[in-house]
There are 2 protein chains.
Amino acid sequence: MIKLLRIKEILANSSIDTEITISGWVKSIRDAKELSFIELNDGSTMSNLQVVVDKQNFSYNDTLNKISTGASIKVRGRVVASVGSGQNIEISAGFISVLGESPNDYPLQKKRHSLEFLREISHLRSRTNTISAVMRVRNTVSFAIHKFLQDRGFFYIHTPIITSSDAEGAGDMFQVTTIPFDSKKIDSIDYKQDFFGCKTHLTVSGQLAVESYCLGLGNVYTFGPTFRAENSNTVRHLAEFWMVEPEMAFYRLDELIELSQDFLRYLLQEVLENCQEDLIFFDQRIKPGLLENLRSVAGSSFKHMTYTEAIDVLTHAIAQGKTFEYPVQWGVDLKSEHERYLTEEYSKSPVIVTDYPKEIKSFYMKLNDDGKTVRGMDILVPGIGEIIGGSEREDDYETLLNRMKESGLDIDSYQWYLDLRKYGSVPHSGFGLGLERFVMWVTGMSNIRDVIPFPRTIKNCQF
Amino acid sequence: MIKLLRIKEILANSSIDTEITISGWVKSIRDAKELSFIELNDGSTMSNLQVVVDKQNFSYNDTLNKISTGASIKVRGRVVASVGSGQNIEISAGFISVLGESPNDYPLQKKRHSLEFLREISHLRSRTNTISAVMRVRNTVSFAIHKFLQDRGFFYIHTPIITSSDAEGAGDMFQVTTIPFDSKKIDSIDYKQDFFGCKTHLTVSGQLAVESYCLGLGNVYTFGPTFRAENSNTVRHLAEFWMVEPEMAFYRLDELIELSQDFLRYLLQEVLENCQEDLIFFDQRIKPGLLENLRSVAGSSFKHMTYTEAIDVLTHAIAQGKTFEYPVQWGVDLKSEHERYLTEEYSKSPVIVTDYPKEIKSFYMKLNDDGKTVRGMDILVPGIGEIIGGSEREDDYETLLNRMKESGLDIDSYQWYLDLRKYGSVPHSGFGLGLERFVMWVTGMSNIRDVIPFPRTIKNCQF
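No experiment lies behind these values; they were computed from the predicted model shown.

Reading the values: the criteria
- Residues numbered from 1 in each chain as written.
- Chains lettered and ligands numbered in written order.
- Predicted model: local features only at pLDDT ≥ 70, side-chain atom pairs only at ≥ 80, totals over all residues.
- Heavy atoms only, no water.
- Axes fitted to C-alpha atoms, helices over the stretch in contact; angles between N-to-C directions.
- Helix = DSSP H or I, 4+ residues; strand = E, 2+ residues; numbered from the N terminus.
- Parallel < 35°, antiparallel > 145°, perpendicular 65-115°, else oblique.
- Left-handed = near helix turned anticlockwise from the far one by under 90°.
- Contact = heavy atoms within 4.5 Å.
- Nonpolar A, V, L, I, M, F, W, Y, C, P; charged D, E, K, R; others polar.
- Buried < 20%, exposed > 50% of the residue type's maximum accessible area, 1.4 Å probe, protein only.
- Pairing = 2+ DSSP bridges.

**Student:** How should the packing of helix H6 (residues 253-274) of chain A against helix H8 (residues 290-299) of chain A be read in this particular structure?
**Tutor:** Relative placement of two packed helices is described by the angle separating their axes and the distance separating the axes. All names here are of chain A. Interaxial distance between H6 and H8 falls to 9 Å at its minimum, and their mutual angle equals 135°. One way to sum up the angle between H6 and H8 is to call them oblique. The two elements H6 and H8 meet at a crossing, and its hand is left-handed. Of the residues in H8, those in contact with Arg-265, Leu-268, Gln-269 and Leu-272 of H6 are Leu-291, Leu-294, Arg-295, Val-297 and Ala-298. Tallied by class, residues from the contact of H6 with H8 come to 6 nonpolar, 1 polar and 2 charged.

Structure, rendered in structure tokens:
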């Protein structure tokens, strides 16, 4: 069987005069007097391969008439040095067959299409430069996440998507049911009759579940879809998104900071190394300055300050004349404008903020000895704000129980989580990175709907 | 910062007389006259590290009283050659601190526990030999899936979990909603008021969605959770399970067969190489003969026969006196007993069966020229039956439309899928592998509930 070559391999490895067979989709076809030029793409890379067709060869006439933008073809031909600019090699076509034609109503004719329009045809948009580049970057980031963690002995744990916890404190939830509640026959709802025999929802985070496997296997991570039923119709919110959540036994805040910083820099370096062509495209077409920003963060060491220090910096800035929309005082949550000031104006680098007031953070974060702050950690990066959130976890049974009561959680349904602190509790820490937020950052894309194959947002679940 | 060592690294790399610090959970503590012996495990590997404590050292008395099975401790000590059998090295303890005690009601006291019992304490069961070994194997398989596909230039596509398709022909679905239907206030259901503005479900397969990105990016795969609301309370069914579904543009049935066979052998080899210790455990404790079976399949070439040939083989066997519970004739679906005969008795190797009657396969499988069979493919393995199912996809618009009508699908909601055959259609093929089925096979575990961290089955959604 002849191995099918992809355009990426051909551009990288083929030598002049080699005979090859290649398949792909026609980006454009241009007629000259004696020749036709076909720009062919197969998704393996941003670059097209130019196929040159000698029209005087009689047998092409029929075939050429069927070839238009969007058509799929198979070409057998010879690699030749390109005479035109923009590419080193091209294919001198020996034989072309049309795999699938593309009628005139093909929505992706050769012109600029708005990202809004492309969202309406999400099933075809992977054939565009922008979306295919985003998906290649997303792929590189996803695999880099696995590589980084696997190289360090982490185990990938698939935490459950359907959960019987009715709130994990992280957001509104979708209900999952097999009760035919829209049928006229249902008089009253009995959850004993539901599939799982109880009320169930889609998870908002795999953290609590992965902690359980952390406290047996050591270093673990969950990486999968999570769900929020928030009524937020913004460019930064999805109802369904992917999150990676590593959890490390015996790690305290210091080690958490070091690991998450290494993680972030590794992901950036992998993208910079493996997606050069795509990043150049984003730098030129989507967000000028992108590459410089990414390279600078990948090489920089992150500034560390406590929340209290961050408030001091902000207060000092106000005293110097800086104005913010939202008030700054110890106890308030940092807003996007504050995060941007810290990274973009104050430190001109990513900033790690730790030791937040317990009132503005989750119940599971370890309480400091001061009784007021918790060992939470956020990594803020220039241009995007918070990219990673994590913490050392509360590992003391009684303290955790109190924090859960304070937070109004139903203790019974979290007894299993408390058990982890009852039997062989250990210091442990973890963080979460939202995949889409990261991909937005490294591609410069400004709408989160364009960095996931089929976005799910309020009032939209197409395809 | 001192890098925390894991037991796996210590056993592999530490030289005698090195000073190390190690943390983990106590599997057992045994008292001798002058010494105490602690078996310590940290989840990184099946093996425990033995910690030897000289009781005459006065400072230990208090500490030792707090150490029992399940407790977590931190040990500073010296690597010494082990005098006992079963390990090459052990740790001579210099200093021990107790991180977390383990009260007497710790459910995992040192004795054999049934897998049923462990399911009731799924949040603690990763601390047992069996479940930790399963999860390490599951991790190795999951990462091997990514490595195999990434090495070949496949892109990882996250297909959506929530879908507006009300049936994909693959099974019963869970409904996803934010309508508070158990509230007394709801008089009638208006899906325009639901979160997505329409009725939505959890996906049963990412295939159709990933095909869309395949026809732009070339070689892609989806690997994520899928859902079936089937009322099947068996050892082989989960309501939530993980599936990998690669999809290859320009691949026909032949290439599909070759790739899926390579894929399966690669996964086996990765497990055999990276999980030796765990597999030996499964071979000795769970399923004798397991290792031999896996090695044999990893090295064997798979036998290929068409469905029609398979029916002939089975009919011939019946003529020779073999009895089956279910009837055999052209047109029926192969049952488990038939699959087992083909692999275990007839060919004594994995068997690839292709070209099934269209009536027993999905609408998207490519129709053969005979008009009766489709280019579907199942890989059957000894001891477990079907492990991979795939097909060349129907790439002709009219043929697909007819097959969809025959199958009673709502054409309107699949117009996007038909579009993929309207604009630049190409031959393409894909397959699906259920992760849990594969992990059951390579570990010899007989209940699917024991190969996923938190199983979701009918009437059970604990933790």
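Structure's up, so let's keep going.
**Student:** What is the right way to look at the pairing of strand S11 (residues 240-249) of chain A in this model?
**Tutor:** A regular strand places its side chains on the two faces of the sheet in alternate fashion. All names here are of chain A. For S11, a buried count of 10 out of 10 residues is recorded, marking the element as mostly surrounded by other parts of the structure. The two faces of S11 match: Glu-240, Trp-242, Val-244, Pro-246 and Met-248 on one face and Phe-241, Met-243, Glu-245, Glu-247 and Ala-249 on the other face are all buried. Here 5 bridges tie S11 to strand S16 (residues 428-434), and the two strands are oriented antiparallel to one another. Residue pairing for S16: Met-243 is matched across the bridge by Gly-434.

**Student:** Help me understand the sheet that holds strand S8 (residues 175-177) of chain A, please; the structure alone is not making it clear to me.
**Tutor:** Within a sheet, neighbouring strands are paired by backbone hydrogen bonds and run either parallel or antiparallel to one another. Taken together, the 6 strands give an open sheet; going across it, the order is S7(A)-S9(A)-S8(A)-S8(B)-S9(B)-S7(B), and neighbouring strands pair in antiparallel fashion. The open sheet has two edge strands with one neighbour each: strand S7 (162-163) of chain A together with strand S7 (162-163) of chain B. Here 3 bridges tie S8 of chain A to strand S8 (residues 175-177) of chain B, and the two strands are oriented antiparallel to one another. Each residue of the ladder has a partner; that of Val-176 of chain A, found in S8 of chain B, is Val-176 of chain B.

**Student:** Can you help me understand the pairing of strand S15 (residues 385-392) of chain A in this one?
**Tutor:** All names here are of chain A. Counting buried residues in S15 gives 6 out of 8 residues, a clear majority hidden from the surface. Judged from the 6 bridges that link them, strand S14 (residues 373-381) and S15 form a sheet pairing that is antiparallel. Bridge pairing in S15 places Gly-376 opposite Ser-391. Counting the residues between successive antiparallel strands, the hairpin from S14 to S15 contains 3 residues, one of them, Gly-383, with a positive phi of roughly 90°. As judged from the 5 bridges shared by S15 and S16, these two strands associate in the antiparallel manner. Bridge assignment links Ser-391 to a residue of S16, and that residue is Gly-430.

Everything listed here is a matter of coordinates, which is why it stays silent on function.
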